[in-house]
Amino acid sequence: MAFLIAAYAVVLVGVVGYLVRMARRRRELER
Amino acid sequence: MASGPVRAILPALVILSMVAALGLVFFHAPVEQEQGIVQKIFYIHVPLAWNAFLAFLLVFFYSFRYLTTRDRRYDMRAFAAADVGVLFTTLVLITGPIWAKPVWGIWWTWDARLTLTLVLWLIYVAYLMLRHYIESPEKRATLAAVVGIIGFIDVPLVYFAIRWWRTQHPQPVIAGGDDSGMDPHMATAFWACVIAFTILLFFLFRRRVQLEELAESATAPGEVE
């Protein structure tokens, strides 16, 4: 079960992290 | 890129398709008899891999279009697709070992499929690094397009590795011949995940292209429509 949760958590963190990185860059460019 | 309704619909579609796919994975698809619950990593691992291939196909297509037209918009799209493709391949390379450890007893082995996938990741990381270090926009776009086209050679190699060579990685479950296939409930959940991750890919790709267009207009106003 721990492996399953770890795999799904990695995908969630990866995608959300990518979106956050893009949002930060967008804010920098819009400034 | 298209805006208006697409801008509003696409994020909602990502969330809805993901929730539906996860519902099917955990409440519709049965638990696999040999591997147990950990087999459900399959439903994210394989769709991520297929969509990474799709992202690199977009890199190939837009790189080719850039070289034939010299239109910078194609270069931006190739870059955006490579960036999302690297994200998806990174997730494949992390979820794979997490699945391998409880099932194979090892995190990693240097078989053809795994090694070629790592090579694929390295090729497109090199593509992103190349873009980062070349300052001239024309030179950067041209060299990146060449790498984007040549690098795609590894995608069919990764896909066919488990068909051509004996590997630790399992033989194909989808389109693998008479011995392949899966339970219909598993297949429903699997294809729902493929659709959900494809929508996610296009959502991220579109956002990345918009960011590049914004960056381009910030540095050279008036060049990009």
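Refer to the preceding data block for the structure.
Note that the structure is a prediction, hence the values are computed from the model and not measured.

Observations concerning the side chain of Q210(B)
- Relative to the assigned elements, Q210(B) resides in helix α7 (residues 184-219).
- According to the relative accessible area criterion, Q210(B) is buried, its value standing at 13%.
- Apart from the residues lying within four places of it in its own chain, the contact partners of Q210(B) are R26(A) and R7(B).

A closer look at unusual backbone geometry
- Unlike most non-glycine residues, R70(B) shows phi in positive territory, near 60°.
- According to the relative accessible area criterion, R70(B) is partly exposed, its value standing at 46%.

As for empty space enclosed by the protein
- Applying the stated criterion across every chain, the model contains 1 cavity of 30 Å³ or more.
- A volume near 40 Å³ is recorded for the largest cavity.
- The wall of the largest cavity is formed by L19(A), M22(A), A23(A), R26(A), R207(B) and L211(B).
- Secondary-structure elements contributing two or more residues to the lining of the largest cavity are α1 (2-30) of chain A together with α7 of chain B.
- Looking at the lining of the largest cavity, the element that brings in the most residues is α1(A), giving 4 residues.
- In the lining of the largest cavity, the residues fall into 4 nonpolar, no polar and 2 charged.

Thoughts on the environment of W110(B)
Residues and elements named next belong to chain B.
- One can find W110 in the loop between α3 (72-104) and α4 (112-133).
- Its relative accessible area of 60% is what places W110 among the exposed residues.
- Taking the C-alpha atoms as reference points, W110 and A81, separated by 29 residues in sequence, lie 27 Å from one another.
- When neighbours within four sequence positions are excluded, W110 is seen to be in contact with T115 and L118.

Quick notes on the interface of chain A and chain B
- Residue-level contacts link 18 residues of chain A with 31 residues of chain B.
- The junction of chain A with chain B conceals about 2,100 Å² of combined surface from both sides, 82% of it contributed by carbon and sulfur atoms.
- On the chain A side of the contact with chain B, F3(A), Y8(A) and Y18(A) bury the most area, a combined 31% of that side's loss.
- Linking chain A with chain B are 1 salt bridge.
- The shortest N-O distance in the salt bridge between R21(A) and D83(B) comes to 3.2 Å.
- Between the two partners, chain A and chain B, sit 3 residue pairs in polar contact (both at pLDDT 80 or more).
- Looking at the side of chain A that touches chain B residue by residue, the class counts come to 13 nonpolar, 1 polar and 4 charged.

Here is what the cut-offs are and how they apply
Residues numbered from 1 in each chain as written. Chains lettered and ligands numbered in written order. Predicted model: local features only at pLDDT ≥ 70, side-chain atom pairs only at ≥ 80, totals over all residues. Heavy atoms only, no water. Helix = DSSP H or I, 4+ residues; strand = E, 2+ residues; numbered from the N terminus. Buried < 20%, exposed > 50% of the residue type's maximum accessible area, 1.4 Å probe, protein only. Contact = heavy atoms within 4.5 Å. 1 Å grid on protein atoms, 1.4 Å probe; cavity = no way out; pocket = protein on both sides within 12 Å on 5 of 7 lines; lining within 4 Å. Points joined across faces, edges and corners; volume = space filled by probe spheres on them. Nonpolar A, V, L, I, M, F, W, Y, C, P; charged D, E, K, R; others polar. Buried area = accessible area lost by both parts, 1.4 Å probe. Salt bridge = Lys/Arg side-chain N within 4 Å of Asp/Glu carboxyl O. Polar contact = N/O pair within 3.5 Å; in protein donor to acceptor, adjacent residues only side chain to side chain.

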